[in-house]
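Report on the structure
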Amino acid sequence: MRIVSICAGAVVTSILLGSTTGVANAEQAEDHPDSCLVVANRTGAALTITLNYPVVSGTWNYAVDETPTVLADEADAVVTSPTGVWDVHLDHGVGTDWVYDGEQNTGQGCNGSWLLTVNA
């Protein structure tokens, strides 16, 4: 599951409508082609995410305070974003932080990784 900074309009709309979903997008000014995604769940509840971009089928489930690991598909292949942009759908949580680390997971075929921290 991949990383990008939060789309403020989607979050405000979700809060106003009482929705428990949110969309996060990596900062367009900071594209890092072939980057990976790492998700940290700090919501206090189980978290499920899906990817809108890059398009990879499936969902990823994260337990509370689970040790963050690089996002991989069903065959355990690391998922990368060809453009460096990540569009992630969250089943809940409104506060997100995106941080790029150009050295993280490079041994796994990543051009660095985005760490997406999802807060309550």
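My aim in this report is to walk through the structure given alongside it, one point at a time. (Residues numbered from 1 in each chain as written. Predicted model: local features only at pLDDT ≥ 70, side-chain atom pairs only at ≥ 80, totals over all residues. Heavy atoms only, no water.)

Focus: the packing of aromatic side chains
Going through the model one piece at a time under the given rule, you end up with two aromatic pairs. With a centroid separation of 6.2 Å and an interplanar angle of 80°, the aromatic rings of Trp98 and Trp114 are classed as edge-to-face. With a gap of 16 residues between them, Trp98 in strand β7 (residues 95–101) and Trp114 in strand β8 (residues 113–119) connect regions that are remote in the sequence. Residue classification places Trp98 among the buried positions, given a relative accessible area of 9%. (Phe/Tyr/Trp six-rings, centres within 6.5 Å; stacked < 30°, edge-to-face > 60°. Helix = DSSP H or I, 4+ residues; strand = E, 2+ residues; numbered from the N terminus. Buried < 20%, exposed > 50% of the residue type's maximum accessible area, 1.4 Å probe, protein only.)

A short note on the side chain of Asn41
Its place among the elements puts Asn41 in strand β2 (residues 35–42). Assessed through its relative accessible area of 1%, Asn41 is described here as buried. Polar side-chain contacts of Asn41 include one of 2.7 Å to the side chain of Thr43. Here Ala63 takes part through its backbone oxygen, which lies 3.2 Å from a polar atom of the side chain of Asn41. (Polar contact = N/O pair within 3.5 Å; in protein donor to acceptor, adjacent residues only side chain to side chain.)

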